[in-house]
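# Observations on the model geometry
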Amino acid sequence: MNSTKIAVIGASGYTGLELLRLLLMHPQAELVCVTSRANAGKSLKQLFPRFTGAPGADLEFIAPDADVIAASGAEVAFLALPHGVAAEYATSLLERGLRVIDLSADFRLDDPAVYEEFYGAPHPAVDLLKEAVYGLPEIRSEEISKARLIASPGCYPTSIILPLLPLLRKGLIDPQSIVTCSMSGVSGAGRKEAIPLLFCECNESVRAYSVPKHRHLSEIEQELSIAAGEKVVMSFTPHLVPTNAGICSTTSAKLVGDLAEVGKALEEAYNDAAYVRLLGKGGCADTKNVTRTNFVDIGWDYDERTGRILLLSAEDNLGKGAAGQAIQSFNIMSGFSETSGLLNF
Ligand SMILES: NC(=O)C1=CN([C@@H]2O[C@H](COP(=O)(O)OP(=O)(O)OC[C@H]3O[C@@H](n4cnc5c(N)ncnc54)[C@H](OP(=O)(O)O)[C@@H]3O)[C@@H](O)[C@H]2O)C=CC1
Ligand SMILES: CC(=O)N[C@@H](CCC(=O)OP(=O)(O)O)C(=O)O
């Protein structure tokens, strides 16, 4: 079976770890390079003992350097780096002939002015924005299959955009009435030292954060606007909850079309989608059913008192929200089965 040589840049973080876990089991991927500045010289199994016994677990972390990464023979690089940093590596690795799947936010937005508004700095690689493909396989499979640079969507956006798109495309909801409240496990914030992320600050506690303008609004509104055919402005409030992983999003919007069409629109859009599981009317998605998988579960309901449709979705922020989705795109761009190395329950 053909296999592709892979580098994971930023492999010591949480999305990096999930990429390693999935890629070590992937039948068509061969890990040849993993980077971390702090852990250069350690093997995968030294830093992550869970990999002891896995083929490839003796591979050593190196400090990230574009020439050394290219010299490893890697054909595809996954970037699991902070935004701003990822763009530098994308540029230098594309120049060296690698294809790049970026898990950061650097290439998700079409308009560099929107990037600057939400990320507080000028876009670091404007010239690459035009060719980057927003890597949501359920809507961009064709573009992903031809891409050199994929911008894998953010965790919250995946859980919010997927249920809304079919309803917006069919004009079933008022595009200006969308309200989402999401909850994320703490791994969503990355594997970094920060007082608000300490156990005693998060455990047995729930709080909203980044209100009223979380940076993910930029890509969510971008994709919803394309689907609605008009500029969408919405309300989004994320919360941190004391779980390791998992995102639960509850979205509501005013029904303006035929209620009977809502379930049909979702089924038509996702009946053949490998990783979208529809729970039907009354189905409340639950993070325990999706963590450590690449599935996003979607239920829906109708509140007749307010005339609003409710969309209830759940995914693993590190799975469909990050590493799993990036590997789904890798499979498509490589011509492999979309589910290769990813079908686990
Ligand atoms: N966590 C999540 O649920 C999700 C995260 N994302 C995005 O994916 C990316 C990675 O996130 P996550 O894994 O959580 O982050 P982490 O903070 O857990 O890991 C970051 C990684 O990048 C490396 N790194 C950090 N700074 C630099 C630098 N200046 N140069 C080179 N390497 C660097 C770190 O290793 P070292 O410092 O040793 O070099 C580490 O391996 C981010 O852009 C994040 O926003 C996307 C979807 C979901
Ligand atoms: C809980 C938590 O802090 N979550 C992160 C989102 C993680 C993510 O998806 O980040 P990217 O957009 O960079 O991919 C946050 O709110 O910033």
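Everything numeric here is computed off the predicted structure, so don't read it as measured data.

### Re the UniProt feature "active site" (unreviewed entry) in the chain
This chain's UniProt record puts "active site" (unreviewed entry) on Cys-155. Examined against the element boundaries, Cys-155 turns out to sit in helix 8 (residues 155–169). Not counting the four nearest positions on each side in its chain, Cys-155 is found in contact with Ser-184, Gly-188, Ile-247, Asn-317, Gly-321 and Ala-322.

### Structural notes on the sheet that holds strand 6 (residues 133–134)
The seven strands lie next to each other as 3-2-1-4-5-7-6, forming an open sheet whose pairing is parallel. Each edge of the sheet is formed by a strand with only one pairing partner; in this case those strands are strand 3 (61–62) and strand 6. Two elements, strand 1 (residues 4–9) and strand 4 (residues 76–79), share four bridges in a ladder whose sense is parallel. Bridge assignment links Ile-6 to a residue of strand 4, and that residue is Val-76. Packing of helix 4 (residues 85–95) onto the sheet brings it into contact with strand 1, strand 4, strand 5 (99–102) and strand 7 (149–151), and relative to strand 5 it is tilted by some 165 degrees. Where helix 12 (residues 319–334) meets the sheet, it contacts strand 1, strand 4, strand 5 and strand 7, and its direction lies at approximately 155 degrees from that of strand 5.

### Looking at the site of ligand 1
Taken together, 30 residues lie near ligand 1, and Gly-10, Gly-13, Arg-37, Ser-104 and Gly-190 sit nearest. Of all the secondary structure elements, the ones that give two or more residues to the shell around ligand 1 are helix 1 (14–25) and helix 12. By residue number, the principal contributor to the shell around ligand 1 is helix 1, which donates three residues. Here the residues of the shell around ligand 1 sort into 12 nonpolar, 15 polar and three charged. For the shell around ligand 1, the domains that each give at least three residues are domain 1 (4–153 + 321–334) and domain 2 (155–317).

Criteria and cut-off values
- Each chain has its residues counted from 1, following the order in which its sequence is written.
- Labels are handed out in written order, letters beginning with A for the chains and numbers beginning with 1 for the ligands.
- With pLDDT at 70 or above as the cut-off, local features in this predicted model cover only qualifying residues; side-chain atom pairs require 80 or more to be listed or tallied, and sums for whole chains, interfaces and linings still use all residues.
- UniProt positions are given in the numbering used here, feature names are shortened, and annotations may be inferred rather than shown by experiment.
- To qualify as a helix, a DSSP run of H or I must reach at least 4 residues; to qualify as a strand, a run of E must reach at least 2; elements of each kind are numbered from the N terminus.
- By definition, residues are in contact whenever their C-beta atoms, placed on the basis of the backbone, come within 7 Å of each other.
- The criterion for strand pairing is that DSSP finds at least two bridges linking the strands in question.
- Under this scheme, a helix contributes an axis fitted over its contacting stretch, all axes are lines through C-alpha atoms, and angles between N-to-C directions fall in the 0 to 180 degree range.
- Whether a residue is near a molecule or strand depends on its C-beta atom, generated from backbone atoms, being within 6 Å of that molecule or strand.
- In this classification, the charged set is Asp, Glu, Lys and Arg, the nonpolar set is Ala, Val, Leu, Ile, Met, Phe, Trp, Tyr, Cys and Pro, and all remaining amino acids, among them Gly, are polar.
- Each domain's extent is set by a domain assignment, obtained either automatically or from a database.

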